[in-house]
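# Survey of secondary and tertiary structure
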Amino acid sequence: GEYTLIIKEWSFLLAGGAEIYCSKNGGKAQMLGGVSSDDAAQPFYNGYYTVEWEENAVLIRYCSGTPAEHIDKPDTWKSVRYELP
């Protein structure tokens, strides 16, 4: 489509997270924000995330590794919503 998400995931010692970027029509990527997770979770590397495109925003759900979340139940995952550039 018109937008591309770029997710730069990181982990170090007991922490983890990702920077979320978005590019429109192949242009320069703009940082939308960041998320945190348990260092062992690596939700984006492991495929434990969903992306829902809205008219002017993107909703990202991800399994951050907290005990309240279940890998097979995305409705228990953390979520972030960013306005598109």
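An account of the accompanying structure is given in this report. Treat the numbers as computed from the prediction; the structure is a model and nothing was measured. (Residues numbered from 1 in each chain as written. Predicted model: local features only at pLDDT ≥ 70, side-chain atom pairs only at ≥ 80, totals over all residues. Heavy atoms only, no water.)

## Digging into the packing of aromatic side chains
Taken as a whole and assessed by the stated rule, the structure comprises three aromatic pairs. Residues Phe 44 and Tyr 49 carry aromatic rings whose centres are separated by 5.1 Å and whose planes lie at 50 degrees to one another, so their mutual orientation is tilted. Note on Phe 44: relative accessible area 11%, which makes it buried. Under the relative-accessibility criterion, Tyr 49 is labelled partly exposed at 34%. An aromatic cluster of at least three residues, connected via ring pairs, comprises Phe 44, Tyr 49 and Tyr 62. Directly above the ring of Tyr 21 sits Lys 8, whose terminal nitrogen or CZ lies 5.2 Å from the centroid. (Phe/Tyr/Trp six-rings, centres within 6.5 Å; stacked < 30°, edge-to-face > 60°. Buried < 20%, exposed > 50% of the residue type's maximum accessible area, 1.4 Å probe, protein only. Lys NZ or Arg CZ within 6 Å of the ring centre and 35° of its normal.)

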